[in-house]
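Descriptive structure summary
Chain residues, written in single-letter form:
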Amino acid sequence: MRALRWVLLGLVLLLGWLQYRLWFGIGSAGEVAALESQVEHQRRENGGLQERNAALVAEVRDLKEGVAAVEERARSELGMIKPGEVFYRVVEDPARNPAANPADPGAGASETSTAEPERD
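Notes on the structure follow. For every chain, the first residue of the written sequence is number 1, and numbering continues from 1 onward in sequence order. Note on the predicted model: pLDDT of at least 70 is required for a residue's local features to be given, and 80 or more for side-chain atom pairs to be given and counted; whole-chain, interface and lining totals, by contrast, use all residues. The side-chain values count all of the structure's non-hydrogen atoms but skip hydrogen atoms and water molecules.

1. So, the pattern of salt bridges
Side-chain pairs of opposite charge can arise whenever the charged atoms involved come near each other. The line we're drawing: What makes a salt bridge here is a side-chain nitrogen of Lys or Arg within 4 Å of a carboxyl oxygen of Asp or Glu, nothing more. Numbering of helices and strands runs from the N terminus, with a helix taken as a DSSP run of H or I at least four residues long and a strand as a DSSP run of E at least two residues long. When a residue's accessible area, from a 1.4 Å probe over protein chains only, is under 20% of the maximum for its type it is buried; when over 50% it is exposed; and in between it is partly exposed.
Applying the stated criterion to the full structure yields five salt bridges. A salt bridge links Glu 71 to Arg 75; the shortest N-O distance between them is 3.2 Å. Here Arg 75 and Glu 71 lie together in helix H3 (residues 67–78), a separation of four residues that amounts to about one turn. Residue Glu 71 is classed as partly exposed on the basis of its relative accessible area, which comes to 30%. Judged by relative accessible area, Arg 75 falls into the partly exposed class, the value being 32%. If you follow the salt bridges from partner to partner, you end up with Glu 71, Arg 75, Lys 82 and Glu 85 in one network.

Put into structure tokens, the structure is as follows:
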């Protein structure tokens, strides 16, 4: 009988030690849940970065193969125009800007802009 008590006590202590390791030790349930959360966050971030990389690859391909993309960049970023073209700069009146006055939804861009021709 006495040996059975020692075996039972040993099994209870072993069960207690295993439970402690399961909930609080290295590789515990809480740690696993935190790591799974980090993995899911990293997957979402990687997905966004893959989309961005795909867009950059497409842009590089357009710049290498197409003339239209190069022309668009030259026009928008460098302000270049073709010979014989007339460049018009649209200047908006800040006092009548519809974005500045949301109470006036009827104000359109045609009412608030003036055109100034520039020749190069």
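2. A word on the side chain of Ser 28
Stated formally: Contacts between residues were defined by any pair of non-hydrogen atoms, one from each residue, lying within 4.5 Å.
Mapped onto the secondary structure, Ser 28 falls in the loop between helix H1 (2–24) and helix H2 (29–65). Contact partners of Ser 28, with chain neighbours within four places excluded, come to Arg 21, Leu 22 and Trp 23.

3. Brief notes about a nonpolar patch on the surface
Note the cut-off: Each patch groups residues whose relative accessible area exceeds 30% and which form no salt bridge, using 9 Å between like charges and 5 Å between nonpolar side chains of Val, Leu, Ile, Met, Phe, Trp and Tyr. Note on areas: these come from Shrake-Rupley sampling with a 1.4 Å probe, and a residue is covered only by the protein chains present in the view.
Residues Val 7, Leu 11, Leu 14, Trp 17 and Leu 18 make up a contiguous nonpolar surface patch of about 500 Å² in total accessible area. Tracing the chain through its elements places Leu 11 in helix H1. Judged by its relative accessible area of 51%, Leu 11 falls in the exposed class.

4. A few points about the packing of H2 against H3
So the rule is basically this: An axis is simply a line fitted to the C-alpha atoms; with a helix, the fit covers only the stretch in contact. Between two such axes, the angle follows the N-to-C directions and lies from 0 to 180 degrees. Working definition: roughly parallel below 35 degrees, roughly antiparallel above 145 degrees, roughly perpendicular at 65 to 115 degrees, and oblique for all remaining angles. Residues are grouped as follows: nonpolar covers Ala, Val, Leu, Ile, Met, Phe, Trp, Tyr, Cys and Pro; charged covers Asp, Glu, Lys and Arg; every other residue, Gly included, is treated as polar.
In contact at an axis separation of 5 Å, H2 and H3 are set at 100 degrees when each is read in the N-to-C sense. On the basis of the axis angle, H2 is roughly perpendicular to H3. Between H2 and H3, the contacting residues are Glu 59, Asp 62, Leu 63 and Glu 65 on the first element and Val 67, Ala 69, Val 70 and Arg 73 on the second. Across the contact of H2 with H3, the residue classes tally to four nonpolar, no polar and four charged.

5. Focus: the packing of aromatic side chains
Let me state the cut-off plainly: Stacked, tilted and edge-to-face are the three classes assigned to paired rings of Phe, Tyr and Trp, where Trp is represented by its six-membered ring and a pair needs centres within 6.5 Å; plane angles under 30 degrees give stacked, over 60 edge-to-face, the rest tilted.
This structure, assessed with the given rule, holds one aromatic pair. On the numbers, 5.7 Å between centres and 40 degrees between planes, the contact of Tyr 20 with Phe 24 is tilted. Taken together, the positions of Tyr 20 and Phe 24, both in helix H1 and four residues apart, correspond to about one turn of that helix. We classify Phe 24 as exposed; its relative accessible area is 62%.

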